[in-house]
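Commentary on secondary and tertiary structure
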Amino acid sequence: MRKIIFLILGLLITNLVNAIGEFITIWKTDNMTGAVTSTTQVAFPAIGSNYSVYWEDVANPAINGTITGLTSTYQNPAILTFPAASTYKLVVSSGQITGFSSMPATPDKYDEEKLLSLEQWGTTNWTTLDAAFAHYKNFNYNATDIPNLSNVTNLSYMFWDTPLFTGNTTINSWDVSTITNMSWMFANATLFNQPLSD
């Protein structure tokens with residue numbers, strides 16, 4: 001009996017550790033203003049190769065799946081296709097991607113109203129986050145964890161032109177000691193009003 005209890009506890013702890021390490025975002029596929037994909041797709045601007053995205057319908061988590069073998073680059077997002085128009089939670093495990101960038105110079109490749117929120121940074125060791133959430137008109141920031149920025153130097157345009165972005169106080173705790181460029185990081189994020197003094 002003890003062995004079964006320890007096995008169950010071990011599985012629960014493993015799942016908790018894995019969940020803490022995940023990068024999690026929420027997308028609404030049928031927000032079509034400024035969209036470059038269909039009502040059942042999103043242009044996912046991660047930077048990485050051969051990664052997987054677990055997805056689930058926010059209204060009905062029993063509708064879920066995993067898209068594997070994805071590769072996307074700094075200027076070419078992965079196009080993710082879902083079974084129906086809905087709101088989806090997208091989860092990428094730690095270490096599978098190294099960046100996230102909507103490249104404001106090429107907005108014709110991104111769905112500017114489909115990204116609703118960042119829920120969790122996870123434990124990814126980021127290298128590229130410039131223009132990460134730029135131009136996402138319905139984007140808000142719900143993450144309470146802190147991104148690992150130790151290999152990032154550029155956060156320019158990160159939240160540029162995100163009119164619904166309010167942020168939260170955790171942004172004040174980011175370690176930005178390696179950052180050399182923050183130009184336009186909060187430009188046109190008109191609702192953002194969080195302390196940045198630490």
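Below: a short report on this structure. Keep in mind the model is a prediction, meaning the values are calculated, not measured. (Residues numbered from 1 in each chain as written. Predicted model: local features only at pLDDT ≥ 70, side-chain atom pairs only at ≥ 80, totals over all residues. Heavy atoms only, no water.)

**Re the packing of aromatic side chains**
What counts, and what does not: Each Phe, Tyr or Trp ring, with Trp reduced to its six-membered ring, pairs with another whose centre is within 6.5 Å; inter-plane angles below 30 degrees give stacked pairs, above 60 give edge-to-face pairs, and intermediate values give tilted ones. In DSSP terms, a helix is any run of H or I states spanning at least four residues, a strand is any run of E spanning at least two, and both are numbered starting from the N terminus. Summary of the burial criterion: residues with accessible area below 20% of their type's maximum are buried, those above 50% are exposed, and those between are partly exposed, where the area comes from a 1.4 Å probe applied to protein chains only.
This model, assessed by the stated rule, comprises 29 aromatic pairs. Each ring, one from Phe23 and one from Trp121, has its centre 6.3 Å from the other, and the planes form 35°; the classification is tilted. Pair noted here: Phe23 is in strand E1 (residues 23–28) and Trp121 is in the loop between strand E8 (115–120) and strand E9 (140–141), with a separation of 98 residues, a long-range link. The burial state of Phe23 is the same as that of Trp121; both residues are buried. Considering the side-chain rings of Phe44 and Phe100, the 5.7 Å spacing of their centres and the 75° angle between planes classify their relative orientation as edge-to-face. Highlighted residues: Phe44 in strand E2 (residues 41–44) and Phe100 in strand E7 (residues 99–100), separated in sequence by 56 residues. Judged by relative accessible area, which is 0%, Phe100 ranks as buried.

**Overview of the pairing of E8**
For clarity, the threshold we go by: The pairing criterion is simple: DSSP has to find at least two bridges between the two strands.
Here E1 runs beside E8; their pairing, made up of 4 bridges, is antiparallel. Paired with Ile24 across the bridge in E8 is Gln120. Summarising the sheet, E8 and E9 pair through 2 bridges and their orientation is parallel. Note on E9: the bridge partner recorded for Leu118 is Tyr141.

**Points about the pattern of salt bridges**
Should the charged atoms of two oppositely charged side chains come close, the side chains can pair. Here is the rule: The rule for a salt bridge is simple: a side-chain nitrogen of Lys or Arg has to be within 4 Å of a carboxyl oxygen of Asp or Glu.
Tallying each qualifying case throughout the model produces 3 salt bridges. Of the charged contacts, one joins Asp30 and Lys28 as a salt bridge, the two residues approaching to 2.7 Å between their closest N and O atoms. Owing to a relative accessible area of 32%, Asp30 belongs among the partly exposed residues under this scheme. The exposure class assigned to Lys28 is partly exposed, which follows from its relative accessible area of 27%. For Lys89, the salt bridge identified is with Glu56, shortest N-O distance 3.5 Å. Here the residue Lys89 occupies a position in strand E6 (residues 87–92), and Glu56 occupies one in strand E3 (residues 46–57), the gap between them amounting to 33 residues.

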